[in-house]
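# Reading the structure
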Amino acid sequence: PQKFNKIHRDSFPENFAFGVSTSAYQVEGAVSTDGRSMSIWDSFSHVRGNIYDNSTGDVTCDHYHRYKEDIQLMVALGIDAYRLSISWSRILPDNTGRVNQAGAAFYNSIINELLHHGIEPYVTLYHWDMPQYLENDPQVKGWRTRKIITHYVYFATTCFRLFGDRVKNWITVNEILNIAVSGYGTGTRAPGRCSVISGTQKRVYIGDSATEPYLVAHNVLLSHAAAVKLYREQFQSEQKGRIGIALNSKWYEPYTEDKHNVSAAQRCLEFELAWFLDPIFFGDYPVSMRITAGSRLPSFTEDDTKELVKSVDFLGINYYTANYAQNSDEELDPSLRWYSTDRQASVSSRGADGELIGEAMGPSDGGWIYDCPWGLRRLLAWMQARYGKEEFQDCPILITENGCSDPELNLSVKKAKQDEWRIRYLHGILQHLLDTIRNDGCNIQGYFIWSLLDNFEWDKGQAFRFGIYYVHHQWNLNRDPKLSARWYGYFLTRSNNLNRKSLLQD
Ligand code: PNW
């Protein structure tokens, strides 16, 4: 019989933080309650055809009204930490700078309730929900101009001021890669700007995907750095918290040992992770990106560089899966050049031997996660090699997201709750994480499962369920523990005698 108890919480370092992650738009609902104004996700999700199942975040898990119950679930799991994000347009609903007290009160209640139960809040300031008034402002244009920096810093400052006496772990932004590439490249996520002609997708061609992802990423990076500078200058000595960023990356395995494929895999990692980490550790974009994107990639002034370098106290990594990378040296018509072709690689989940890189954790239609826990270890080793092992002694790494959806859509509740595939996936990751800590000397201080609840999975809507708790979206919104929730709880609290039988009997 399969054993799920090879490792347990006590196998990990003393102060290692175990948690779960969510984000505001994905779980809160209550989109026009208590003075919240619209974000780009409200507009985007209400356009028919943008979301896989035409669902929206209007209600989703109604966490806004059920946060106490949800914190009870966290208490039952025995987690140390909860990663949530703050809805910008709940705190600052218009362009006047006025703070919406009801919005502030909501996050105060959550934070206080968490602390009351000994759960440490990890707070992300920006998890993709740009206020619509800033997107619409012709001076600001959301992330597309440098004007956003002042607005973002004002939002961040407001949050430090309101919550920083209790929040000791700040994450400036979540996944610059996805903000830039899916918002402005493929256009599959808000604000849905895209000029790429891609097969069957009918998109409104606005924007310029050749330049906007680079421009947007640049302005997000500068906003991040400016907020960190301000936190360090004005809040850190008194509030004694730390501030970092959360970035996602797949691991890229060369398609074959051929040296061109080896460098293609390297380029993919540079375009995905070094795009942001090189500026933070070295002060500039990777050479490979500067060469291929040329003048479409903005450049940093000396002051920008100074602000960016070492602008993290810790580094959040969101890891889900790995892909193969194959060199592509096709000469492209200049009109077809954008982020995805700039990296001159084709990526796939199937290797040269025809086999999948790992067990498919999502449905064939729209799934993208393959079970490759070894990819996380290689990714962390790659980071240590590129930026230096010592760098991460001062700047610890936290796995701020990891998880998977169901292997099929529309599973019956009963089947969805028997999610042994998720336990296998999570357990595998934790085993590799432990190897990374023990054998590679990597300073990893935390691990957060994505996600506590089945929630609004962006363009995939409610069809893709990542929760360890099943949410009855179509019925009464009740939360129902999946087997994986029981497993995580055992792992965290009763970890010494866990096996499959006792888990199933419980
Ligand atoms: C993350 N990839 O996005 C987001 O931070 C979450 O909000 C989201 O719900 C979660 O992952 C699950 O999708 C990612 O292709 C999307 O490697 C895609 C990738 C990684 C992260």
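How each quantity is defined
- Residues numbered from 1 in each chain as written.
- Predicted model: local features only at pLDDT ≥ 70, side-chain atom pairs only at ≥ 80, totals over all residues.
- Heavy atoms only, no water.
- Helix = DSSP H or I, 4+ residues; strand = E, 2+ residues; numbered from the N terminus.
- Buried < 20%, exposed > 50% of the residue type's maximum accessible area, 1.4 Å probe, protein only.
- Contact = heavy atoms within 4.5 Å.
- 1 Å grid on protein atoms, 1.4 Å probe; cavity = no way out; pocket = protein on both sides within 12 Å on 5 of 7 lines; lining within 4 Å.
- Points joined across faces, edges and corners; volume = space filled by probe spheres on them.
- Nonpolar A, V, L, I, M, F, W, Y, C, P; charged D, E, K, R; others polar.
- Pairing = 2+ DSSP bridges.
- Axes fitted to C-alpha atoms, helices over the stretch in contact; angles between N-to-C directions.
- Phe/Tyr/Trp six-rings, centres within 6.5 Å; stacked < 30°, edge-to-face > 60°.
- Disulfide = S-S within 2.5 Å.
- Salt bridge = Lys/Arg side-chain N within 4 Å of Asp/Glu carboxyl O.

## Here's the deal with the environment of Glu 113
Here Glu 113 is to be found in helix H5 (residues 101-116). Overall, the relative accessible area of 15% leaves Glu 113 in the buried class. With 45 residues separating them along the chain, Glu 113 and Lys 68 place their C-alpha atoms 7.3 Å apart. Beyond its immediate chain neighbours, meaning those up to four positions away, Glu 113 contacts Tyr 67, Lys 68 and Ile 71.

## Some thoughts on the layout of surface pockets
Put simply, the second largest pocket is a space of about 220 Å³. Considering the residues around the second largest pocket, the lining is formed by 15 residues, among which Asn 410, Gln 462, Arg 465, Tyr 470 and Gln 474 are closest to the centre. The residue makeup of the lining of the second largest pocket, split by class, is 6 nonpolar, 5 polar and 4 charged.

## Considering the pairing of strand E4 (residues 169-174)
Within a regular strand, side chains alternate between the sheet's two faces. Along E4, 6 of the 6 residues are buried, which leaves the element largely enclosed by surrounding structure. Sheet topology places strand E3 (residues 120-126) next to E4; 4 bridges connect them, and they run parallel. Paired with Thr 124 across the bridge in E4 is Ile 171. Here E4 runs beside strand E5 (residues 242-248); their pairing, made up of 4 bridges, is parallel. By the bridge assignment for E5, Asn 174 is matched with Ala 246.

## Points about the sheet that holds strand E12 (residues 397-401)
Judged by pairing direction, the barrel is parallel, and its 8 strands sit side by side in the order E1-E2-E3-E4-E5-E7-E12-E13 before closing back on the first. The average angle at which neighbouring strand axes cross in this sheet is 25°, direction not considered. Bridge count for strand E2 (residues 81-85) against E3 is 5 bridges, and the pairing is parallel. Residue pairing for E3: Tyr 82 is matched across the bridge by Pro 121.

## Thoughts on unusual backbone geometry
For the bond from Ala 190 to Pro 191, the omega torsion is 0°, close enough to zero to count as cis. Geometrically, the link from Trp 450 to Ser 451 is a cis peptide bond, its omega value of 15° lying close to zero. Relative to the assigned elements, Ser 451 resides in the loop between strand E13 (444-450) and strand E14 (469-471). For Asn 54, which is not glycine, the phi dihedral falls at a positive 60°.

## A closer look at the packing of aromatic side chains
A complete count under the given rule lists 43 aromatic pairs for this structure. Note on Trp 88 and Tyr 152: the rings are 5.9 Å apart at their centroids and 70° apart in plane angle, and the pair reads as edge-to-face. Highlighted residues: Trp 88 in helix H4 (residues 88-91) and Tyr 152 in helix H7 (residues 148-163), separated in sequence by 64 residues. Taking relative accessible area as the criterion, Trp 88 reaches 1% and is therefore assigned buried.

## Re the environment of Leu 125
Take Leu 125: it is sitting in strand E3. Along the primary structure Leu 125 and Ser 55 are separated by 70 residues, whereas in three dimensions their C-alpha atoms are 24 Å apart. Excluding residues within four positions of it along the chain, Leu 125 makes contact with Ile 86, Tyr 152, Phe 155, Ala 156, Cys 159, Phe 160, Trp 170, Ile 171 and Thr 172.

## Structural notes on the state of the cysteines
Counted by the stated rule, this structure contains 0 disulfides. Cys 372 supplies the cysteine sulfur nearest to Cys 404, a cysteine that is in no disulfide, at a spacing of 12 Å. Owing to a relative accessible area of 0%, Cys 404 belongs among the buried residues under this scheme.

## Concerning the pattern of salt bridges
Between side chains of opposite charge, a pair can form as their charged atoms come close. All chains considered together, the criterion is met by 30 salt bridges. The salt bridge involving Asp 480 is made with Lys 417; its shortest N-O contact spans 3.3 Å. One end of the pair, Asp 480, is in strand E15 (residues 479-481); the other, Lys 417, is in helix H17 (residues 413-417), and 63 residues separate them in sequence. A salt bridge links Arg 422 to Asp 419, with the shortest nitrogen-to-oxygen separation between them at 2.9 Å. You'll find Arg 422 and Asp 419 in the same group, each marked buried. A single salt-bridge network, built from bridges that share partners, covers Glu 69, Asp 70 and Arg 479.

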